[in-house]
Amino acid sequence: MGNSYAGQLRTTRFEEVLHNSIEASLRSNIVVPRPVFSQLYLEAEQPLAHNGRTENDDEDDEDGSESNSPPIPYQMKPPPEGCCTTDGYCQAGRDLRLSSLASDSLDVLPGFMLIGLKSPALPENLLVGAVDHRFLPDERGHNALLGFSGYCMGCGEKGFRYFTDFANHINLKLSTQPKKQKHLKFHLYRNNQGVLVKGAPICWRGHDGRIRQLSSSLPEAHATSDEQSTSGALMHSSHTPSSYAAASHANGAPQISDTPHSLTNGIHAASSVAQTVINHSGPGRPSATGLQTNAGPPKKRHKGWSPESSSSSGLLENTGKVAPSSSVLPSSTVSANGARLDASATTSSSQRSLTTHSPSGLSVAVPDQLLHTCGLQPVIFKGHGPLPQLTGNFSEVLVSSLLQSCYLSSQTLPRVYQHYGPSPIQPLSTEMQILLTVYYLVQLGPEQVPLIEDLEQIFMRSWRESHLSEIRQNQQPQIPATQGRHYGIEAPPALPGLPQHLGLAPQQPLTPSQLPWLAQLAASSCGEGVVVLGEQVGSLAQGLQQMFRKLMEGRFENTNYIVVIVTASGHETQSCVVVTGKHQCRALAENMFSPNEGLREINHQLSSGDAQELIQFCSSLGQEGDMDSLLDSATLDSNEPSPLSSSQESTEEKTVKNTHSPKDSHSPKDRVLPPKETCSEYAVEWRDIRPIQLAVARKLLSHVCAIADSSTQNLDLVSFDRVNFLILVPPSEVTFQQTVLHLWSSGVLRELGSVEQDCVSQREAERYVVKMDQSAQVRVDSLIQEAHSNSYTLYILVHDHAHWDVSSASYCNTDTGLGLVDQLLNSRQVRDAPNILILHVTSFPFALQTQFTRISPYNEIHWPSSFSNDVDLYHERTRYFGVSELLESTRSGSSLPLMRCDSSFESMASSLEERFPKLHSAVIRTTVLIHHYCTALMAVSGRIGGSHNLHKHTSVETLGIVQALLSAAQQCPAHHGHMILLRIPSLALAAWAHRRLSRVRRQLGLEESFEIILGNPSQPLNVGHSFIDQIKLWLKIQESDWVPRTYLELEALPCILILSGAEPQGESLPRSLKYCDLRVVSCSYLQRTTLEQELGLAAYLLKAESRSPHNTGPGSDLLESDAEKLSSTDNEEEEGQENGKSSPVSSNQPLQSSPDVGALDPSPTQSSTSTSPDAPKCTVDTTPSPSRAQTQFPSQSSSQSFIYHQPSLHHPSQSIAHTYSLSQPIFQQQILSQNQLLAQTNSQPYFQTLPPHQVSHPPTQSLAPVRPRRHPSKSTSSSSSSPRASSPHLSCSWARGVSRPPSVLLPRSLYDIITANDGSGLPRCTSFLPHMSVAWASSFRPLLSKMMTCTEQSLYYRQWTVPRPYHMDSSNRTEGRSDNFHPRRLLLSGPPQVGKTGAYLHFLGILSRMLIRLMEVDIYNEEDINLNVQFDGVHYKPPNALWPDPDVMKTLPFDYIVHDPKYDDISLVYCPGYRPASDANTVHQEEVCLRRRTTRIKLSKYAAFNTYHHCEQCHLYLGFNPRYQIYESTLHAFTFTHLLLGEEIQLYFIIPKSKEHYFSFNQPGGQLEGMRLPLAADRSPNCIKSPIFTPTTGRHEHGLFNLYHAMDGAAHLHILVVKEYEMAVYKKYWPNHILLVLPPVFNGAGIGAAHFLIKELSYHNLELERSRRQEGSGPISDVWPFIILADDSCVMWNVVDFDARNGPVEHAASLKQVLQHMEGCPDLAHYGLCGIRKWSSRVLAGPNQRKPFSRGHVHDFLLLNVDRSQNIQYDQNRFTCHDIDFTLRLHSAGLLVCRFNNFSVMKKQIAIGGYRTFIIKTKMTDVPTSVGPSQYVCAPDSKHLFLATPAQLLLEKYLQHTSHKLFPLSTKNYEHPVLSVDCYINLGPEVTVCFVSSRPHAVNICTTGLLFSGLLLCFADAFVTPSFLKKFSFLKGATLCVISADRSSLRQTVGRLELEEEWRFRLSDEFQTANAKEDRPLFFLTGKHI
């Protein structure tokens, strides 16, 4: 395409064939012309370019790869002698392989990037090189300079300016010419481990395509003007994908990005400033018509050229600004002398250049009196070629370059495919563009305005279908991927009405000589609608002059478009389009205004009196006279009956009187008194929080937690202890007060503790909400300062209605109020504050979803759907009815849609627009609308004589609205009514409309019937006092000075709300909204956001009874993920009505179905009146009801919402249940006839309120007839016997209305756009530009898909839209980064009016609660058990002693009783003098954890933390500082010999480099020798002497190993003792901690083994340290011998202070304070074991409060003297009660055990991991099984199910659970305990154990006279002798249990101890644990005492 083919016809049928083809194409719907010329046998000749060369000659490729011929063999330059030629090495011999350099530290010069090169000799490896980033493309394949610059990473040689030289240096050894695009393959980066790895592939595009010379001819602008306000015009954008390519408006800027505006890797970037296209006149040569040459760099980057020296700067300087036009075609700028002209940047097309420079001497004179003569202002669209200069009366002509921009953008489309190599794909030719434009104009209707989106899609479809095979071939690899979903470039279907058979590409392209013929033939099909001037036109100037002459002569009176085509021989084809249709010219002219300019023009016309003639014209009622005179003559005598009061009379009264008595009628003033009756159905529910809002709040919270949990450490939630917030709202007083009201009623302030419980008022809540005006600066600055000073407070900045102001602060004046969001929220102070989080909330997030957005896609929260697969997810009492549902109502086809247009209003407005061409259409439409409302009020009120003649002066829709307004309040005893919304954007027009309606209301005497409210965003609400009293009565408000401040508080108030302002600013409307009148909304600015926010005013929450499972709930906007959301129709309903079947509802709930007046009125009074003979049926049958609209919506609601007449008014729930119990589908239940639906409308036909004589003669001729529908006779007969309502309460129109959404009235043009679908099945408005502050990144983009979810929509806009320069995100770009997301910025999007405010307010509450919970932990808070011990000894005195005295401690008795509540399920240790409580209950260990008592305690500043805590202070301590690499650790083996084990023990230490100073290493080999220990005499105020050992398992995440805060900065040695199989995971989570790894043999061992090895290791290390110091001549006894054994759940420590006045007080203390105090004890060396008390909230009130020290058991936190306890070891085999066993043996050895009771430790409840977690699993299945304790043991040599559990654990568990059977005499027999020798084993809570030691000189209790009920010998050693056992006495029948490691030692023990003398044994009393032989089971023998 695009080539000029000349040929000879071989037939004489040219004209006939051509005409037939064009005629057929006009009747078809395909866009691209049919291949006519192949039928005409044209003989083509070789096309010639302007310089005489053929077109193919310009394809001189840069290298051989472009050609289809085989590549020429390439001979590389031989390397110098002596150089290295090894693959993977450079010529200097340095290794370049990535595998070798991955761990090396490489220094990269600034501006260079590490790149992975592919070598053919090393396919499995990459070579590392450094390349200047300017010569590399970005992630989209753009912005790479030609040439090369790099250096070698091996030898460091620099200065490689050619990739060939670089390839030779690194020994690539290629057979073809080296190309950087072929061998530079991957980016390289370092991962978290610091290893250099392969990254993303380099996105080369066009490396094998041709590199062509760009030529740009930039014109000088005709004129520019700064008159247009930035705040207005900048808000407007063009829908042209590349409209910013041309300079088209003085107030829009085309610059989209700061990328270089020259060549982009050989391809022109679609998003560059000046959209240029290919010059085919030859590479490197200037265009034939271009005035500026060499606009880009040469083919090779020569030394004299730099990227900055190209003409890109000229592009920036000469490019104008973007048109404010949003969707319709024109855009213009205002010249200095008033003419709307503009300048545009042009580019050469596929064959010939476009330029806007006028040839010298060519000008066109605009005739005088053009507007006066023709009644229009023509609009000239620039097309191809220069537009001649306009002279003369050029102020009455508008010029736009938007069409030219569309032409230019279509030239760039094939550039996307250029990187696929040589291809025949060519852009659309100039002739084809012109022909398609003519086709498009021909198909437009007489009232349609051209849309640039339509023409752009036509161009794209035409181009795609003309190259269908090539595109399909190249389509697959070209599809851009966006996170999982591929958005393919699909061919958009043809628009309705366009020729379909044009989709076939012509085999031969159009020639200039054929273009006029085809264009004229195409235009001939529409008569005079489109005229083509082209046959005898020699230039554009001649064509325009001819057009102006004929226009003045009136020859184009019926012509809408004139296309001028110039095809002079030897010159380029030129064209322009002139719009001459009056409607089109007005629409296009008004579209050239910015929104603010349009409002100023309206204000000017009102203030100057230009609109006065229109107002007077509308006031005339023809034969009825003047409206004002009729109003003046209206009688307001109160004695005169008012028809409005007739409905208040009961049916019985009318039956008696049969006539209207003036005395019985009530005046309107009588009705405003407080009603005696109240409406039981009235309820205000907007204060309630809904389930879906709770779900969204939780989603917000989860996203905040995700930010905190990420490795970026951008939000440290743990460091915050409270939440503060500030809500930013648009400068609307109603929105401000509405947010304050929501905040006040939500209770968030009380939750946050911001105010006192009883002092919360709305005035108090105003401190947390700020309007985005000039006062916001002070409030936000104050918050920033407060955030800096309160680092522990998290501040939330909520930006509500976030799409309202997205302007850049640098482009806006401070007076406009725009740009404040950018100035405040995007400031460096807010961005860098670590405790400020920003939440954007909006219904239309599109403006924040661009390529340069600040919000990460992972931080977007979309409002969820209420339904999933027909399942109600949230069970709400309301159902959202939004824009999608409104659109669906227009497609149902079964009823009057909720969204519609008013034809009669449109026709009247159109006629007046032609009559008053100089007035703005908004002035005309508003005047007509208010005139309709005034006339309807006069007609309905009945105050005007002969009012039935007024009906023809208003529309049926308006009449129905007014009737519904006036009649609604009469049907409710409390006078509840409806709200009517009039949307009038202009403040001046809205104020005029308010004055006009108020005057008419006053003159009609209706002041008390309804209120008229002017909604000015900058002013508070103003409501009459009488209506305020009504609202206060309804809301039960007692305050005398209360006034409504929000629209929500106007619930059920009958009123007309005139909402003004350029756009809605987030005002919520009450559920009493009945009609949403948008007939005056401007149709000029068609962006998706603009349209949807106007339609969003009608969004509604219906009652849940209306819900159906088939309703999928609200989407976040027009698009939803549900495939059937926007295309389903109510087929069931239609079929049901067509078949005439009676629905279950109609049969069970009798309704009136005959189309009589009674059916139109729900009240019984009207019903009885309408059935009178005075009301003929035929009259009513032809009268439409204007109130049908509010009853018709998609059949997604249940039948109950349609039912009005019910059998039992007192039991409505019965009818509901009966309805739902029917077996028919729900859709069939909703089949109601049209009159059944009318029977429940809230309004009545206008004639029903008239007197009877007027009812019988309605003016039917003035109303459009409606075809009556047939209905089943069964329903009709049932209605005659339907019971009448006996109570007026159910007639409340408001109560019925809350179950029905409002009706929406739209302008005709807007309605046609919204209800039409695009190619993907979505509404056409979704394909519009999303927001006026953004632009399309490329015209070659896919359409939105119907199947896209909200997340995919976001990704679509992030890929395909860019912010304009005046957008606040346009500056959000960082060099070298593809994104610049703010880490603490969230976006919440949801449909309008769905409840987003309540959701984010609830989020603030739960966030505060979560922070409090994060600062709190569950602490075990249990009282000590077994406290009734009576000691006869002395108590320690004094009670406030600092340290214990060993001499005094020895006098204190040792407390054998265990008091720790965690041991509530173990055997009591026998203690003389103790008597257990008689009511002690038997408990099981499994129940202990479930019933243990905890208390939530706030963490102190001295708490220990787990791995989730990461504050700034902890980074170095934990080794997670992102600025440094993870700390390196070394593994050291440590071996020592233990006599008890009889073998060497080898342990492993993992020691970080930063902790090596705590250890000693031998010098030669660096082998670990031991830990360094301090001296006892050392005193350091900031050091802890005792090493801290923490055994842990399964708690690598939750263990409290972060002691940084607990130690208060003190230096300490902390060692984690872990099992061998958990070493890696602990090292990962705690890289800066020392790990002591137990030998593998202890992987299945219990806590006893860990403590055993710790103690033995510590003693061995003590001996080594003493030896080391002895070698150094130091004192050996002075080495510190203490270690700390700490549990991994110790979280906080406390200290008790004694106050003489208040007694003991306990407060938090640091671990440093506790340990330094204990270590500072003067006589600490005398103690073998010290500990502290376990914390309990009630311990200070207990009996031990006066004991500062005590002797007894200690747990969890121990200070152990490894020197004195040398001979007492922990039992390495124990799993349970090992600390009790160790303490008893330690005490029996005579060592002192001391507990410091003034210190306490708090233990956190951790449900995960720990040594108390035991798993009993079988040997076979290796899975946990439910094996009972009785199966833990078995008889030896028996076939039994073996268990894969340690034998010691099985034995301990067996004895714990079955000892009451094993020792039957011991059960609950404290006086006769079981004697346990040398060990303590838990025998269950019912058995008491008496511990004795067999060691000589052991300290034991006195057992004289004590009879034991059993004897337990566990691994008896040599100290247990027969003589020792003879000291004890046993009961007869007492049980003996002897435990040994094997059967042999068991028998030896029995024989050695001579047990058979006193004990009887049986062969069956021998048992073993249920272990296999290889698992070394334990054996035990039982016997009875003789």
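Procedures and definitions
- Residues numbered from 1 in each chain as written.
- Predicted model: local features only at pLDDT ≥ 70, side-chain atom pairs only at ≥ 80, totals over all residues.
- Heavy atoms only, no water.
- Helix = DSSP H or I, 4+ residues; strand = E, 2+ residues; numbered from the N terminus.
- Contact = heavy atoms within 4.5 Å.
- Areas by Shrake-Rupley, 256 points an atom, 1.4 Å probe, with all protein chains shown as cover.
- Expected span 1.5 Å × (residues − 1).
- Buried < 20%, exposed > 50% of the residue type's maximum accessible area, 1.4 Å probe, protein only.
- Pairing = 2+ DSSP bridges.
- Phe/Tyr/Trp six-rings, centres within 6.5 Å; stacked < 30°, edge-to-face > 60°.
- Lys NZ or Arg CZ within 6 Å of the ring centre and 35° of its normal.
- Axes fitted to C-alpha atoms, helices over the stretch in contact; angles between N-to-C directions.
- Parallel < 35°, antiparallel > 145°, perpendicular 65-115°, else oblique.
- Left-handed = near helix turned anticlockwise from the far one by under 90°.
- Nonpolar A, V, L, I, M, F, W, Y, C, P; charged D, E, K, R; others polar.
- Arc of directions from axis to C-beta.

### Things to note about the overall build of the protein chain
For step 1, the next point in the chain: When you go through the protein chain residue by residue, the secondary structure sums to 57 helices and 60 strands.
For step 2, the next point in the chain: Long-range pairs, those at least 24 residues apart, make up 78% of the contacts in the protein chain between residues at least 6 apart in sequence.
For step 3, the next point in the chain: Here the protein chain displays about 77,300 Å² of accessible surface, and carbon together with sulfur accounts for 50% of that area.

### Some remarks on helix α47 (residues 1396–1414)
For step 1, the next point in the chain: For α47, which comprises 19 residues, the first-to-last C-alpha distance of 26 Å matches the rise-based estimate of 27 Å (1.5 Å per residue) to within 8%.
For step 2, the next point in the chain: With 14 of its 19 residues buried, α47 lies for the most part within the structure.

### Some remarks on the pairing of strand β47 (residues 1682–1686)
For step 1, the next point in the chain: Burial analysis of β47 places five of its five residues in the buried class, the great majority of the element.
For step 2, the next point in the chain: The alternating pattern of β47 places F1682, I1684 and A1686 on one face and I1683 and L1685 on the opposite face, and all of these are buried.
For step 3, the next point in the chain: Sheet topology note: the strand β44 (residues 1588–1591)/β47 ladder contains two bridges and is parallel. Each bridged residue has a counterpart across the sheet, and for I1588 the counterpart in β47 is I1684.
For step 4, the next point in the chain: Of the pairings in the sheet, the one linking β47 to strand β52 (residues 1757–1761) comprises five bridges and is antiparallel in character. Pairing of A1686 across the sheet is with F1757, part of β52.

### Here's the deal with the packing of aromatic side chains
For step 1, the next point in the chain: On inspection of all chains with the given rule, the structure shows 30 aromatic pairs.
For step 2, the next point in the chain: Considering the side-chain rings of F617 and F916, the 6.2 Å spacing of their centres and the 70 degrees angle between planes classify their relative orientation as edge-to-face. Taken together, the positions of F617 in helix α16 (residues 612–619) and F916 in the loop between α28 (903–915) and α29 (921–941) put the pair 299 residues apart, joining distant regions of the chain.
For step 3, the next point in the chain: Judged by relative accessible area, F916 falls into the buried class, the value being 7%.
For step 4, the next point in the chain: A ring pair is formed by F1908 and F1930, whose centres lie 6.0 Å apart and whose planes are at 50 degrees; its orientation type is tilted. With F1908 in strand β57 (residues 1907–1914) and F1930 in strand β58 (residues 1929–1940), the pair connects residues that are 22 residues apart, well separated along the chain.
For step 5, the next point in the chain: Take F1908: its relative accessible area is 0%, and that puts it in the buried class.
For step 6, the next point in the chain: An aromatic cluster is built from F1908, F1924, F1928, F1930 and W1959, whose rings are joined through pairwise contacts.
For step 7, the next point in the chain: Lying across the ring of F1010, R1001 places its NZ or CZ 5.9 Å from the centre.
For step 8, the next point in the chain: In this structure, R1341 is placed above the aromatic ring of W1336, and the distance from its NZ or CZ to the ring centre is 3.9 Å.

### Here we look at the sheet that holds strand β1 (residues 112–119)
For step 1, the next point in the chain: Spatially, the five strands line up as an open sheet ordered β3-β2-β1-β4-β5, and their pairing is antiparallel. Edge positions in the sheet fall to β3 (150–152) and β5 (196–201), since each of these pairs with one other strand and no more. When strand polarity is set aside, the average angle formed by the axes of neighbouring strands in this sheet is 45 degrees.

### So, unusual backbone geometry
For step 1, the next point in the chain: The phi dihedral of K1036 is positive, around 55 degrees, even though this residue is not glycine.
For step 2, the next point in the chain: Along the chain, K1036 turns up in the loop between α32 (1025–1035) and β30 (1055–1059).
For step 3, the next point in the chain: The class for K1036 is exposed, based on a relative accessible area of 69%.

### Topic: the packing of α29 against helix α31 (residues 987–1003)
For step 1, the next point in the chain: Relative to each other, α29 and α31 sit at 15 degrees, their axes nearing to 10 Å. If you check the angle between α29 and α31, you find them roughly parallel. The interaxial crossing formed by α29 with α31 has right-handed handedness. Contacts from A922, V923, T926, T927, I930, Y933, C934, L937 and M938 in α29 reach L989, W992, A993, R996, L997 and V1000 in α31.
For step 2, the next point in the chain: Its residues placed into classes, the contact of α29 with α31 shows twelve nonpolar, two polar and one charged.

### Examining α16
For step 1, the next point in the chain: Turning to α16, its buried residues are L614, I615, C618 and S619. In a view along the axis of α16, the buried residues occupy a sector of 135 degrees, so they form one face of it. Seen from the buried face of α16, the exposed residues on the opposite side, beyond 90 degrees, are E613 and Q616.
For step 2, the next point in the chain: Contacts made by the buried residues of α16 are with α17 (627–632), α28, α29 and α31.

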